[in-house]
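# Descriptive structure summary
Spelled out, the chains give:
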Amino acid sequence: MFAYDTRRFQKIATDLDLPAFRLAQVRHWIYKSFTGDFYEMSNLSSGLRDILASKYYVTNSHVVAAKTGDGSVKLLIQYPDGAKIETVIMGYRDWSSACLSTQVGCAMGCTFCATGPMGLERSLTSEEIAEQLWHCCHYAKVNSLKPIRNIVLMGIGEPLANYHNVVGFIGKANAPELFGIGQRRITLSTVGLVSQILELAQLKLGITLAVSLHAPNDKLRNQIMPISCKYPLQEIVAACRKYTEVTGRRVTYEYLLLEGINDQGSHASELAGLLRGENCLVNLITFNQVPGVSFRPSTNVGSFQRRLAQAGLNATLRRSIGQEIDAACGQLRKGFPE
Ligand code: SF4
């Protein structure tokens, strides 16, 4: 991305012999007005616009397809090496939220997810993740959608398996001279990589940590999320408790309700037992049908939620949008389905 970091900003200023304020104007066009064309930067001289357009790109990636429906937009983004990922803009009343991918594919193998069987191709750099955010902001502006105010790192990939790039991205998303999105408006979702949760805690960021639990005991969790064999639930909950102690931020536990698998009263009681006394929120999610995946959406959502509430847990039901365009939770993949 153009002038993404201080080093590159200074190099462009030196190469073009430009005063810093002039380059800051360009950066303002790109990161505040989401202008993708140097020729639209009306307070620059035509000579400078020519030079910028001949030497630089605003982004290295491109939106190669877009699908709209159900209050959301799914963008297919291609990077220069040919790798493709999906990213989603979710529309709400006063703002939009960008659901970003952190890897091309995913190694976690969750059995309910469209990405799971595809495996991991590679991780995305901090800059590549930022380009997704820029494309979302640009698309929202050009198409008169509500501006992007929130980020959820819940797209393709396991963010904590790409720890340094994701942390670097959060810094850039938050930087006032770049996207300026408050840390409290950023949510990072993970399957629960314990050592990375503890490492993240030490950074004392203001972001929300969302842990995909999806089962109240290790035996069931191992069946639907194979990676969890490495991370027993008790260790994950202990790491989250530490995260809250260090950061002051309450952890959210995501729980995808699958008909006849994890949605019975006994599962709710077990979940309540696991999380008893924890300062947390349980976010119940309705399952979105994925081709080739045999799970079905639960019909037991209301009573599951009531049982958790009776046990004293804060439990909400996440509004699911994007189902019409296969952009809902677990439906993203490395390319648009044929
Ligand atoms: S749900 Fe998330 S962590 Fe699990 S396979 Fe899909 S993308 Fe990876």
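Keep in mind it's a predicted model, so treat the numbers as computed, not measured.

## Some details on the packing of aromatic side chains
The description of an aromatic ring pair rests on the distance of the ring centres and on the angle between the ring planes. Tallying each qualifying case throughout the model produces six aromatic pairs. Measuring from ring centre to ring centre gives 5.4 Å for Phe2 and Tyr56, while their planes differ by 85°; the resulting arrangement is edge-to-face. Within this pair, whereas Phe2 is found in the segment before helix 1 (6–16), its partner Tyr56 is found in the loop between helix 3 (46–55) and strand 1 (62–69), the two being separated by 54 residues in sequence. Owing to a relative accessible area of 18%, Tyr56 belongs among the buried residues under this scheme. An aromatic cluster is defined as three or more aromatic residues linked by ring pairs; in this entry it consists of Phe2, Phe38 and Tyr56.

## Notes on the domain arrangement of the protein
Under the domain assignment used here, the protein contains domain 1 (6–55) and domain 2 (62–325). Here the C-alpha centroids of domain 1 and domain 2 sit 35 Å apart. Listed by partner, the interface residues are nine residues for domain 1 and 10 residues for domain 2. On the domain 1 side of the interface with domain 2, the three residues burying the most area are Tyr31, Lys32 and Phe34, jointly 58% of the side's total. Here domain 1 and domain 2 share one salt bridge between them. Glu127 serves as the salt-bridge partner of Arg8, at 2.9 Å between the closest nitrogen and oxygen. Across the domain 1-domain 2 interface, the total number found is six residue pairs in polar contact (both at pLDDT 80 or more). At three residues, the largest contribution of residues to the side of domain 1 that touches domain 2 is made by helix 2 (residues 20–31). Residues belonging to the side of domain 1 that touches domain 2 are distributed by class as follows: three nonpolar, three polar and three charged.

## Some thoughts on the nonpolar core
Phe2, Ile30, Leu133, Phe169, Phe179, Leu275 and Leu308 are the most contacted members of the largest nonpolar core, which has 110 residues in total. For this core, the element with the highest residue contribution is helix 4 (residues 126–142), accounting for eight residues. Counting the residues that make up this core, at least three belong to each of domain 1 (6–55) and domain 2 (62–325).

## Overview of the pairing of strand 3 (residues 84–91)
With respect to burial, strand 3 is a largely interior element, six of its eight residues being buried. As paired elements, strand 2 (residues 72–78) and strand 3 share seven bridges and run antiparallel to each other. For Leu75, the partnering residue across the bridge sits in strand 3 and is Thr87. What sits between the antiparallel neighbours strand 2 and strand 3 is a turn of five residues, in which Gly82 has the positive phi angle 95°. Taken together, the four bridges between strand 3 and strand 4 (residues 96–99) define a ladder with antiparallel strand orientation.

Definitions and limits used
Per chain, residues are indexed from 1 in the order of the written sequence. Given that the model is predicted, a residue must reach a pLDDT of at least 70 before its local features are reported, and side-chain atom pairs must reach 80 or more before they are shown or counted; all residues, however, enter totals for whole chains, interfaces and linings. Side-chain numbers here rest on the full set of heavy atoms in the structure, without hydrogens or water. Stacked, tilted and edge-to-face pairs are distinguished by plane angle, under 30 degrees for stacked and over 60 for edge-to-face with tilted covering the rest, among Phe, Tyr and Trp rings (Trp via its six-membered ring) whose centres lie within 6.5 Å. Strands here mean DSSP runs of E at least two residues long; helices mean DSSP runs of H or I at least four residues long; both are numbered from the N terminus. Burial classification: accessible surface area is computed with a 1.4 Å probe over protein chains only, and a residue below 20% of its type maximum counts as buried, one above 50% as exposed, and the rest as partly exposed. The split into domains, and so the bounds of each, comes from an automatic or database assignment of domains. Contacts are assigned to residue pairs that have any heavy atoms within 4.5 Å of one another. Here the buried area means the combined drop in accessible surface, using a 1.4 Å probe, for two parts upon being joined, counting both sides. Definition used for salt bridges: Asp or Glu carboxyl oxygen within 4 Å of a side-chain nitrogen of Lys or Arg. Under this definition, polar contacts are N or O atom pairs within 3.5 Å; protein pairs additionally need one hydrogen-donor-capable and one acceptor-capable atom, and for neighbouring residues in sequence, both atoms have to be side-chain atoms. Three residue categories are used. Nonpolar comprises Ala, Val, Leu, Ile, Met, Phe, Trp, Tyr, Cys and Pro, charged comprises Asp, Glu, Lys and Arg, and polar comprises the others, including Gly. Among the buried residues, those of types Ala, Val, Leu, Ile, Met, Phe, Trp, Tyr and Cys that are joined through side-chain atoms within 4.5 Å form a nonpolar core. Strands are treated as partners if at least two bridges between them are detected by DSSP.

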